[in-house]
Amino acid sequence: MTPTQLWQDYLAHNPQAGSEPEAWAFGAEADRLADLVARGIKTSTSSAHALYAVEGEELPTAGGYDIILDGKGQAVCIIQTTKVYVTPFSQVTADHAYKEGEYRQEGDLSVIKMKSLAHWRQVHEELFTIWLKEAGLSFSEEMLVVCEEFELVYPTA
């Protein structure tokens with residue numbers, strides 16, 4: 001389904017929602033992360049603050065909608081931002097990491113390393129280092145991170 005088709009479906013039930021929002025995919029593992037959002041497991045995300053200026057984008061705001069895409073550009077779901085705050089990487093909380101809902105499975109027993117801050121820090125340091133380097137910037141523990149919390153609004157889990 002295209003982002004426009006999904007938004008039109010949503011507007012049929014929520015005509016006050018306004019104009020079609022931005023559609024985007026998570027930068028890493030788009031399919032898996034979109035699935036976690038669609039299942040209501042992933043309810044937050046984070047991004048490198050410095051990249052907003054580099055890309056000429058405004059920070060997200062509470063109340064705004066976004067259409068989440070899979071790795072093929074197909075619309076998966078619609079979210080609404082509930083909270084946005086900026087904090088140093090070193091100050092991102094375990095609560096935020098948990099809400100990001102990301103985990104990894106290991107071994108034959110499929111043991112799930114649940115949503116830990118240590119896992120969040122490892123994964124995001126790796127990703128931020130790559131993305132910042134592409135923009136001519138470098139990672140640091142004190143770099144600012146945009147933490148965004150959201151709720152799944154359509155279709156509901």
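Residues numbered from 1 in each chain as written. Predicted model: local features only at pLDDT ≥ 70, side-chain atom pairs only at ≥ 80, totals over all residues. Heavy atoms only, no water.

J.: Break down the environment of E151 for me, with residues and values.
T.: Note on placement: E151 falls in strand β7 (residues 144-154). Counting along the chain gives 73 residues from E151 to I78, while the straight-line C-alpha distance between them is 8.7 Å. In contact with E151, not counting residues within four places along its chain, are I78, I79, Q80 and T82. (Helix = DSSP H or I, 4+ residues; strand = E, 2+ residues; numbered from the N terminus. Contact = heavy atoms within 4.5 Å.)

J.: Residues and numbers for a negative patch on the surface, please.
T.: There is a patch of like negative charges on the surface, built from E125, E126, E141 and E142. Within the secondary structure, E126 is located in helix α5 (residues 117-134). (Patch = residues over 30% accessible without salt bridge, like charges linked within 9 Å, V, L, I, M, F, W, Y side chains within 5 Å. Areas by Shrake-Rupley, 256 points an atom, 1.4 Å probe, with all protein chains shown as cover. Salt bridge = Lys/Arg side-chain N within 4 Å of Asp/Glu carboxyl O. Lys, Arg positive; Asp, Glu negative; His and termini not counted. Charge placed at Lys NZ, Arg CZ, Asp CG, Glu CD.)

J.: Describe the packing of aromatic side chains, with residues and values.
T.: Counted under the stated rule, the structure contains 9 aromatic pairs. When the ring of W24 is compared with that of F26, the centres are 4.9 Å apart and the planes differ by 75 degrees; the resulting orientation is edge-to-face. With relative accessibility at 8%, the residue F26 sits in the buried group. (Phe/Tyr/Trp six-rings, centres within 6.5 Å; stacked < 30°, edge-to-face > 60°. Buried < 20%, exposed > 50% of the residue type's maximum accessible area, 1.4 Å probe, protein only.)

J.: Give me the lowdown on the layout of surface pockets, citing residues and values where you can.
T.: The calculated volume of the largest pocket comes to roughly 930 Å³. If you go around the largest pocket, you meet 37 residues; those closest to its centre are W24, T45, S46, S47 and Y52. Contributions of two or more residues to the lining of the largest pocket are made by α2 (30-38), β2 (44-48), α3 (49-55), β3 (65-69) and α5. At 6 residues, α5 tops the list of elements feeding residues into the lining of the largest pocket. Partitioning the lining of the largest pocket into residue classes produces 16 nonpolar, 9 polar and 12 charged. (1 Å grid on protein atoms, 1.4 Å probe; cavity = no way out; pocket = protein on both sides within 12 Å on 5 of 7 lines; lining within 4 Å. Points joined across faces, edges and corners; volume = space filled by probe spheres on them. Nonpolar A, V, L, I, M, F, W, Y, C, P; charged D, E, K, R; others polar.)

J.: Pulling in residues and values, what's your account of the pattern of salt bridges?
T.: Applying the stated criterion across every chain yields a total of 5 salt bridges. With a shortest N-O distance of 3.4 Å, R39 and D35 are connected by a salt bridge. With relative accessibility at 37%, the residue D35 sits in the partly exposed group. Linking E149 and K99 is a salt bridge whose minimum nitrogen-to-oxygen distance equals 3.4 Å. Note that E149 is positioned in strand β7 and K99 in helix α4 (residues 94-100), a separation of 50 residues in sequence. Residue classification places E149 among the buried residues on the basis of a relative accessible area of 11%. A single salt-bridge network, built from bridges that share partners, covers D95, K99 and E149.

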